[in-house]
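Notes for the structure review
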Amino acid sequence: MGRIGEKELKEQIKSKEFSNVYFIWGEEGYLKEYYVKKMQEKIVDPAFADFNFHQFESKNSTMSDILQTAQMIPMMSEYSFILVHDYPFEKQASDLQELKEYFKDIPESAILVFWFDSIEIGYKKSRDGIITPDSSKWKSIEAAFAKAGCSVNLEKRSESDIAKLLVNSAKKRNCTLDMNNARYLIGISGNDIQTLFSELEKICAYCGEGEITREVIDKLAVKSLQAKVFDLSKFILAGNADSAFSVLNSLFSQKEQPIGILTVISSCYIDMYRVKCGKATNVNEYEIADYYSYKGRDFLIRNASRNCRNISFESLRNSIDILQSADKLMKSSSLDANIILEETVAKLLLLSRS
């Protein structure tokens with residue numbers, strides 16, 4: 001079946017027309033876990049799960065054990081379901097070769113799923129939209145699965161899709177959430193679907209059967225690091241030193257790592273620079289988000305568009321130079337990283353006032 005996406009996998013689950021081999025990977029952790037569970041529900045009869053469902057975790061499994069289990073005949077069922085979670089292919093050089101031998105004669109009664117969650121697999125997209133791993137090791141592994149069965153890349157959903165999920169989820173809980181406030185919640189808590197559902201569940205419990213307003217979101221939703229640092233950047237650009245250092249001290253008290261804070265500040269300025277360049281060449285925000293792969297993070301471009309209105313190209317370039325110097329200093333010296341970050345914020349504040 002080759003390389004497929006969420007739509008095709010959903011159709012397979014609905015029709016129960018499965019491949020015998022799956023390689024499930026991608027950026028969206030929630031969707032990977034969700035569809036693995038859906039497959040299990042469709043394939044495994046709970047009454048015979050002890051015989052027909054076999055799960056292997058990375059630390060306690062070998063390829064030989066996995067493939068031997070996949071050869072077992074299911075009991076009172078059409079399939080046995082073998083789920084392998086985060087298998088470390090670097091453990092044995094012979095693992096891929098063993099798999100390829102298995103792929104030459106795959107038992108029709110087994111569905112073998114390799115699901116990668118905490119192991120990150122980088123990717124690249126070709127001009128014709130085909131997504132493949134960017135490292136030679138993972139590329140050869142993924143290609144073997146795609147040839148034998150299905151390689152399923154579950155990408156981040158777009159911001160609009162995530163907002164619709166939140167609106168529908170709120171409705172199921174007898175609460176009202178409009179699209180604008182759903183997008184606002186994404187901007188506050190980030191675009192991780194599992195985190196957003198957790199925040200929404202808390203907010204719905206508070207509202208009962210009422211409307212979820214922006215005020216309620218501000219009151220209850222936990223801000224992501226991205227949102228907190230966005231506030232910091234906003235105060236820096238406004239030249240508001242008291243508020244900027246108040247946010248920074250709050251981040252320090254929450255034990256956020258200085259290098260992580262610096263990285264997010266830098267990304268805020270890069271976002272603004274991209275928007276500024278785009279507007280100078282009559283490129284709109286949607287095109288910028290698409291070109292730089294902001295899928296599911298469109299709010300970053302909107303935030304950057306608002307923030308860069310009153311800042312010049314020269315000031316942005318100088319700010320990015322300051323941030324780059326701070327990054328180099330943090331990584332190459334023994335100086336206190338908190339002090340380096342404080343000095344960097346002070347320099348950015350001075351630049352915003354010039």
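The model shown is predicted, which means the values in this text are computed figures rather than measured ones. (Residues numbered from 1 in each chain as written. Predicted model: local features only at pLDDT ≥ 70, side-chain atom pairs only at ≥ 80, totals over all residues. Heavy atoms only, no water.)

**Topic: the sheet that holds strand E2 (residues 21-25)**
How we decide: A pair of strands is considered paired only if DSSP assigns at least 2 bridges between the two. Helix and strand assignments follow DSSP, with helices taken as H or I runs no shorter than four residues and strands as E runs no shorter than two, numbered in order from the N terminus. The axes used here are C-alpha line fits, helices contributing only the stretch in contact, and every angle between their N-to-C directions lies in the interval 0 to 180 degrees.
Across the sheet, which stays open at both edges, the 6 strands sit in the order E1-E8-E2-E5-E4-E3 with parallel pairing between neighbours. Two strands in the sheet have a free side with no partner beyond their single neighbour: strand E1 (2-4) and strand E3 (53-57). Averaged over all pairs of adjacent strands, the angle between strand axes in this sheet comes to 20 degrees, irrespective of strand direction. As paired strands, E2 and strand E8 (residues 150-153) are joined by 4 bridges and run parallel to one another. Residue pairing across strands places Phe 23 opposite Ser 151, the latter belonging to E8.

**A closer look at the nonpolar core**
Stated formally: The set of buried Ala, Val, Leu, Ile, Met, Phe, Trp, Tyr and Cys residues whose side-chain atoms join them within 4.5 Å is what this entry labels a nonpolar core. Each residue is assigned to one of three classes by its accessible area relative to the maximum for its type, calculated with a 1.4 Å probe on protein chains only: buried under 20%, partly exposed between the two thresholds, exposed over 50%. The contact criterion used is simple: two residues touch if any of their non-hydrogen atoms lie within 4.5 Å.
Tyr 22, Met 39, Leu 166 and Ile 212 are the most contacted members of the largest nonpolar core, which has 79 residues in total. Excluding anything up to four places from it in sequence, Met 39 contacts Leu 9, Ile 13, Phe 18, Tyr 22, Ile 24, Phe 81 and Val 113.

**With respect to a nonpolar patch on the surface**
The test is simple: Exposure above 30% relative accessible area and the lack of any salt bridge qualify a residue for a patch; like charges then connect within 9 Å, and the nonpolar side chains Val, Leu, Ile, Met, Phe, Trp and Tyr within 5 Å. We get accessible surface area from the Shrake-Rupley algorithm with a probe of 1.4 Å; when it comes to residues, only the shown protein chains can shield them. Just to be clear on terms, a salt bridge is a Lys or Arg side-chain nitrogen sitting within 4 Å of an Asp or Glu carboxyl oxygen.
Where nonpolar side chains cluster on the molecular surface, the patch consists of Phe 51, Met 75 and Met 76 and spans about 340 Å² of accessible area. In this structure, Met 76 sits in the loop between helix H4 (63-70) and strand E4 (80-85).

**Regarding helix H13 (residues 258-280)**
Note the following rule: Here the expected length of a helix is defined as 1.5 Å per residue gap, with one fewer gap than residues.
Taking 1.5 Å per residue as the helical rise, H13 with its 23 residues ought to reach 33 Å, and the 33 Å between its terminal C-alpha atoms agrees with that figure. Asn 282 sits one or two residues past H13 and shows a positive phi near 60 degrees.

**Here's the deal with the packing of helix H16 (residues 313-332) against helix H17 (residues 337-353)**
Spelled out, the test is: The scheme is simple: roughly parallel for angles under 35 degrees, roughly antiparallel for over 145, roughly perpendicular for 65 to 115, oblique for anything else. Under this grouping Gly is polar, as are all residues other than the nonpolar Ala, Val, Leu, Ile, Met, Phe, Trp, Tyr, Cys and Pro and the charged Asp, Glu, Lys and Arg.
For the pair H16 and H17, the least separation of the axes is 10 Å and the interaxial angle reads 170 degrees. The orientation of H16 relative to H17 falls into the category roughly antiparallel. Contacts from Ser 315, Asn 318, Ser 319, Ile 322, Leu 323, Ala 326, Leu 329 and Met 330 in H16 reach Ala 337, Ile 340, Leu 341, Thr 344, Lys 347, Leu 348 and Leu 351 in H17. When its residues are assigned to classes, the contact of H16 with H17 shows 10 nonpolar, 4 polar and 1 charged.

**Concerning helix H15 (residues 298-307)**
The buried count for H15 comes to 7 of 10 residues, which makes it a mostly enclosed element. Of all the residues in H15, the buried ones are Phe 299, Leu 300, Ile 301, Asn 303, Ala 304, Ser 305 and Asn 307. Turning to H15, the residues buried within the fold contact helix H7 (159-172), helix H8 (179-189), helix H11 (225-237), H13 and helix H14 (285-291).

**What to know about the pairing of strand E5 (residues 110-115)**
Each regular strand displays side chains that alternate between the two surfaces of the sheet. Going by this rule: When the strands point away from the viewer and the connection leading from the first strand across the helix to the second strand turns clockwise, the crossover is called right-handed.
For E5, the buried fraction is high: 6 of the 6 residues fall into the buried class. Bridge count for E2 against E5 is 4 bridges, and the pairing is parallel. Bridging from a neighbouring strand, Tyr 22 pairs with Val 113 of E5. Bridge analysis of E4 against E5 gives 6 bridges, and the strand direction is parallel. Residue pairing across strands places Leu 83 opposite Val 113, the latter belonging to E5. Regarding topology, helix H5 (residues 95-103) serves as the crossover connection from E4 to the parallel E5, and that connection is right-handed.

**Considerations on the packing of aromatic side chains**
Convention followed: Within 6.5 Å between ring centres, the rings of Phe, Tyr and Trp (the latter by its six-membered ring) count as paired, and their orientation is classed by plane angle as stacked under 30 degrees, edge-to-face over 60, tilted in between. The criterion for a charge sitting over a ring is simple: Lys NZ or Arg CZ within 6 Å of the ring centre, and within 35 degrees of the ring normal.
Enumeration according to the criterion identifies 19 aromatic pairs in this entry. Ring pairs connect the aromatic residues Phe 23, Trp 25, Tyr 87, Phe 89, Tyr 102, Phe 103, Phe 114, Phe 116, Trp 138 and Phe 145, which therefore count as one cluster. The ring of Tyr 184 carries Arg 214 above its face, with NZ or CZ at 4.1 Å from the centroid. Above the plane of the ring of Phe 235 lies Lys 234, whose end atom (NZ or CZ) is 5.9 Å from the centre.

**Structural notes on the packing of helix H12 (residues 241-253) against H17**
Put simply, the rule is: For any pair of crossing helices, the crossing counts as left-handed if the nearer helix is rotated counterclockwise from the farther one by less than a right angle, and right-handed if it is rotated clockwise.
Taken N-terminus to C-terminus, the directions of H12 and H17 make an angle of 160 degrees; their axes are 11 Å apart at the nearest point. Compared by their axis directions, H12 and H17 come out roughly antiparallel. For the pair H12 and H17, the crossing hand works out as right-handed. Of H17, the residues touching H12 (which contributes Ala 241, Ala 244, Phe 245, Leu 248, Asn 249 and Phe 252) are Asn 338, Leu 341, Glu 342, Val 345, Ala 346, Leu 349 and Arg 353. Tallied by class, residues from the contact of H12 with H17 come to 9 nonpolar, 2 polar and 2 charged.

**Observations regarding the pattern of salt bridges**
By the definition in use, this model includes 12 salt bridges. Here Lys 38 and Glu 41 are joined by a salt bridge, their closest N and O atoms 3.9 Å apart. Remark: Glu 41 and Lys 38 occur in helix H2 (residues 29-43); sequence separation between them is 3 residues, near one turn of the helix. In this structure, Asp 231 and Lys 223 form a salt bridge, with 2.3 Å as the shortest nitrogen-oxygen distance. Residue classification places Asp 231 among the buried residues on the basis of a relative accessible area of 15%. Among the residues examined, Lys 223 registers a relative accessible area of 32% and is labelled partly exposed. Here the salt bridges do not stand alone but share partners, grouping Glu 159, Arg 183 and Arg 302 into one network.

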